[in-house]
Amino acid sequence: MLSDMLYPASQNNHIITIMENSNAAAVEITKYFNRDLSWLSFNHRVLEESQDPQLPLVEKIKFIAIHASNLDEFYRVRVAHLETLAKLGQYNDEESASYQDILTAVRKEASHQTSYLRYILATSIIPGLEENNIILYQHHEEVREEHLEFIYEYFNTQVASYLQPIWLSNETTPFLEDRQLYFVWQLSHKNSSERLILLNLPTEHLPRFIPLPKIDNKHYVIYLDDIVRIGGEIFLENYKIKGCFSIKLNRNADLNLDEYSGAIAGQMKISLEQRAFGAPSRFQYDVAMPKKLVSLCVDLFGIEQDELTPTGRYQQMSDFFSFPVPANSLPTLAKWKPLKHRELASYKNYFKALDEKDFLLHFPYQSYDHVLIFFNQAVLDQYVTEIMATFYRVASDSHIVNALISASKNGKKVRAFVEVKARFDEANNLLWAEKMEKAGIEISYSLPDIKVHAKTALITRVKDGVTKTYGFYGTGNFNERTAGIYSDMGLLTSNPVMNEELKDVFLYLYTGKQPAPFNHLLVSQFNIIDRFKELINNEIRVALNGGEGKIIIKLNNLEDREMIDALYTASNAGVKIELIVRSICRLRPGVPGLSENITLNRVIGRYLEHSRVFIFNNDNDPRVFLGSSDWMERNLRSRVEVVFPVYDEACKEEIFSFIKLQLAPYRKTRLIDQHLKSIPIAPGLECGDDAQEAFYQLIKEK
């Protein structure tokens, strides 16, 4: 059974939790957080940033958009999945609740967050803009007469050609596109009964927010919605407009691929076309819409009652990403210019540098140009014979892929593994794979039932008869765009034993050849679970023998029950465990007799935390690993991931410095307690504002 939400008006920080029962059986059932409510707690924390009084208004607007975009994807994927389980009548034994109960709780929390976002817009963001002489019209009837001429011209010249009005009736069944904005116009005519028109808002062709001419030194902005409302009155002049209400539909975006053998690229193209026709998962509509009209929409568009989400006059708040802030009108955060890795940059030839030592890179604190240079030098170096790389999410204008194309045309052997099942990047990955294939690159595509999520590259160089390999091991994708906003790490190394094992990984991906046992790399499908458990058990032995058993783990998501149970066991053996988990975390920290030696941190800042770090104290001789893998069932069991050791002592020290700041009591860092509440670490005793800024300054000083 699920509890109701308890929302103190002063905090607005409340996540539905499975009700705790006092009997012994319930303790076993409730030792894990629900994964979707845990993710929603992360998205609520994102929304909280838009209320930070020390954050510039421009940045607050960005967090509004991030939250809305996150929630959109959540409905398209997770809520749609829960709907399927609920319709099948499935029951979740772990949480002592049916999936219908879980779905209800998730929808309730998500709906609350949507309402809270609109509250922040109305009480903080919009007034904040007005204080800075930026007026965003909140209703078309507010529009000043001086702006009407511009609006009519914009409507007639820019908007009208994209409008596709459909008269609604019981005989018509229009299809609502996923995430497309629409109006339902309610009309009456003197000689006819009430009529309804469905009208698209052409946001795929035009900006959502349109700047208007300045008046009295004030900047004015209008929603495209209101330009359509005002202009629409022209072609509806023979009707009395009783109402105009915005609606938006989210559809199930999961792709169901049948069994395949080598034809994944073609099948993916077909599946992408089918995605647009997924079942509804959320129907948002103007709360002012009459109940009778809502009921009609339910019937016309095939909406279920639980999918109804009353919101406000305007939908799709993620469009605030493109809000047109006038130049120099609002203060912004000082930009952090990506820094050079001074030592690495001092080498003209990166291969010579790697012959001498390993180099650890921190993105976006340090420039991603170092990775581009690594690939570009491989293209031009006469001794490089082969390049191998994996691609999970390719940038739309990828310099790295273009470098590989050049290498292939220069006569080098190039192999690329392209994962075409990377959600929402499938089409872009397919496009780049086709370009590479045309350039002579040997392309391998997705494996059956497995995603390849590893972030690795291997360059082979033969000079004077001596063959050497140079590897890049990363926690983030080979993607220049996300490298500017995701906090990740990358290791450049010529370590022969690591690189030989990486070569085995590539040969497995390209040919299916089973690799020899891995002694250095932790690779899912092979040894990753057993090795992690060995490392945890070693800390347990140290603690039981009176030593300092300690584990520090930084992840995006912690969901796998086997690994959580291993941490619970370690906690009960006296091992101190410090977790830094960005979003989903099913482990309950700080529960007596279960996890009392475990703390859970969450870091939010201008960059999206994305690196995965694993530190095992090993009786004060730390073993340090980085990698692509979260501790989720899918990462550990149905993907190919590469987690790699860091052997260089200087690189280890860099990681320790980073983690120390992540765990420190900065104002923006939060502890997550055993009830999934997000709380400041040390109110009034903060060591600074932001762990990310502290790390940037640390690198800058070095």
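Reading the values: the criteria
Residues numbered from 1 in each chain as written. Predicted model: local features only at pLDDT ≥ 70, side-chain atom pairs only at ≥ 80, totals over all residues. Heavy atoms only, no water. Helix = DSSP H or I, 4+ residues; strand = E, 2+ residues; numbered from the N terminus. Rg over C-alpha atoms; globule rule 2.2 N^0.38 Å. Buried < 20%, exposed > 50% of the residue type's maximum accessible area, 1.4 Å probe, protein only. Contact = heavy atoms within 4.5 Å. Areas by Shrake-Rupley, 256 points an atom, 1.4 Å probe, with all protein chains shown as cover. Lys, Arg positive; Asp, Glu negative; His and termini not counted. Charge placed at Lys NZ, Arg CZ, Asp CG, Glu CD. Expected span 1.5 Å × (residues − 1). Bend = angle between axes of the 7 residues up to and from the residue. Salt bridge = Lys/Arg side-chain N within 4 Å of Asp/Glu carboxyl O. Core = buried A, V, L, I, M, F, W, Y, C linked by side-chain atoms within 4.5 Å. Pairing = 2+ DSSP bridges. Axes fitted to C-alpha atoms, helices over the stretch in contact; angles between N-to-C directions. pLDDT = per-residue confidence, 0-100. Parallel < 35°, antiparallel > 145°, perpendicular 65-115°, else oblique. Left-handed = near helix turned anticlockwise from the far one by under 90°. Phe/Tyr/Trp six-rings, centres within 6.5 Å; stacked < 30°, edge-to-face > 60°. Lys NZ or Arg CZ within 6 Å of the ring centre and 35° of its normal.

Moving on, we come to the overall build of the protein. A tally of regular secondary structure across the protein gives 19 helices and 30 strands. A globule of 702 residues ought to have a C-alpha radius of gyration of about 27 Å, and the protein, at 27 Å, matches this closely. Counting across all 702 residues of the protein, residues that qualify as buried make up 59%. For the protein, restricting intrachain contacts to residue pairs at least 6 apart in sequence, the fraction spanning at least 24 positions comes to 73%. Carbon together with sulfur atoms contributes 49% to the accessible area of the protein, which is approximately 29,500 Å² in total. A gap of 3 Å separates the mean positions of the 78 positive and 91 negative side-chain charges of the protein.

With that settled, consider helix α3 (residues 57–87). Across its 31 residues, α3 extends 43 Å between first and last C-alpha, which sits within 8% of the 45 Å expected from 1.5 Å per residue. Taking the largest bend as the criterion, α3 deviates by roughly 40 degrees, centred on Tyr75. Taking burial as the measure, the 31 residues of α3 include 22 buried ones, the bulk of the element. Just past α3, the residue Gly89 takes up positive phi, approximately 75 degrees.

Here we come to the pattern of salt bridges. Taken as a whole, this structure holds 36 salt bridges when the rule is applied. A salt bridge links Lys668 to Glu49; the nearest nitrogen and oxygen atoms lie 2.6 Å apart. Taken together, the positions of Lys668 in the loop between α18 (649–663) and β29 (669–672) and Glu49 in the loop between α2 (35–48) and α3 put the pair 619 residues apart, joining distant regions of the chain. Given a relative accessible area of 6%, Lys668 falls into the buried group. Where Glu609 meets Lys554, a salt bridge forms, and the shortest distance between an N and an O atom there is 3.1 Å. Remark: Lys554 occurs in strand β21 (residues 550–555) and Glu609 occurs in strand β24 (residues 608–609); sequence separation between them is 55 residues. For Glu609, a relative accessible area of 3% gives the class buried. Connected through salt bridges with shared partners, the residues Arg45, Glu48, Glu49, Asp52, Arg667, Lys668 and Asp689 form a single ionic network.

Turning next to helix α11 (residues 369–380). Compared with the 16 Å implied by 1.5 Å per residue over 12 residues, the 16 Å span of α11 between its first and last C-alpha is a close match. Along α11, the positions that sit buried rather than exposed are His370, Val371, Leu372, Phe374, Phe375, Gln377, Ala378 and Val379.

It is worth spelling out the nonpolar core at this point. Counting 62 residues, the largest nonpolar core has Phe532, Ile536, Leu558, Leu567, Leu579 and Trp631 as the members making the most contacts within it. It is α3 that contributes the most residues to this core, eight residues altogether.

Moving on: the environment of Lys513. Structurally, the position occupied by Lys513 is in the loop between α14 (496–511) and β20 (522–523). Among all residues touching Lys513, those that are not within four sequence positions of it are Leu507 and Tyr508.

Here we have three strands laid out as an open sheet, ordered β3-β8-β7, and mixed in their pairing. Because the sheet does not close on itself, it has two edges, and the strands there are β3 (134–136) and β7 (209–215). Adjacent strand axes in the sheet meet at a mean angle of 25 degrees, parallel and antiparallel pairs treated alike. Sheet topology places β7 next to strand β8 (residues 218–223); five bridges connect them, and they run antiparallel. By the bridge assignment, Leu212 is partnered in β8 with Tyr220.

With that out of the way, let us pick up the confidence of the model for the protein. Looking at the protein, pLDDT values average 89 and 91% of them are 70 or higher. Note that residues 16–29 has pLDDT below 50 and, in this model, 25 contacts with residues that lie over four places away or in other chains. A low-confidence stretch, residues 257–262 (pLDDT under 50), is modelled with 14 contacts involving residues beyond four sequence positions or located in other chains.

Moving on, we get to the packing of α18 against helix α19 (residues 691–701). Packing of α18 against α19 brings their axes to within 9 Å, and their N-to-C directions diverge by 150 degrees. In terms of axis orientation, α18 runs roughly antiparallel to α19. Crossing of α18 against α19: the hand is right-handed. Counted together, Glu654, Ser657, Phe658, Leu661 and Gln662 of α18 and Ala691, Ala694, Phe695 and Leu698 of α19 form the full contact between these two elements.

We now examine the sheet that holds β29. The nine strands lie next to each other as β20-β28-β26-β25-β21-β22-β23-β29-β30, forming an open sheet whose pairing is mixed. The open sheet has two edge strands with one neighbour each: β20 and β30 (678–680). With three bridges joining them, strand β26 (residues 623–627) and strand β28 (residues 642–645) adopt antiparallel strand pairing. The partner of Phe625 across the bridge, within β28, is Pro645. Taken strand by strand, α2 contacts β23 (598–603), β29 and β30, and its axis lies near 45 degrees from that of β23.

Our next topic: the packing of aromatic side chains. Taken as a whole, this structure holds 37 aromatic pairs when the rule is applied. Here the aromatic rings of Phe209 and Tyr223 are separated by 5.0 Å at their centres, their planes lie at 50 degrees, and the arrangement is tilted. Of this pair, Phe209 sits in strand β7 while Tyr223 sits in strand β8, and the two are 14 residues apart along the sequence. Judged by relative accessible area, which is 2%, Tyr223 ranks as buried. Considering the side-chain rings of Phe532 and Phe614, the 4.7 Å spacing of their centres and the 45 degrees angle between planes classify their relative orientation as tilted. Of the two residues, Phe532 is situated in helix α15 (residues 528–544) and Phe614 in strand β25 (residues 612–616); the sequence distance between them amounts to 82 residues. Considered together, Phe532 and Phe614 belong to a single accessibility category, that of buried residues. An aromatic cluster is built from Phe351, Phe374, Phe375, Phe391, Tyr470, Phe472 and Phe478, whose rings are joined through pairwise contacts. Positioned above the aromatic ring of Phe63, the side-chain terminus of Lys62 is 5.5 Å from the ring centre. For the cation-ring pair, Arg606 lies above Trp336, with the distance from its terminal atom to the ring centre recorded as 3.6 Å.

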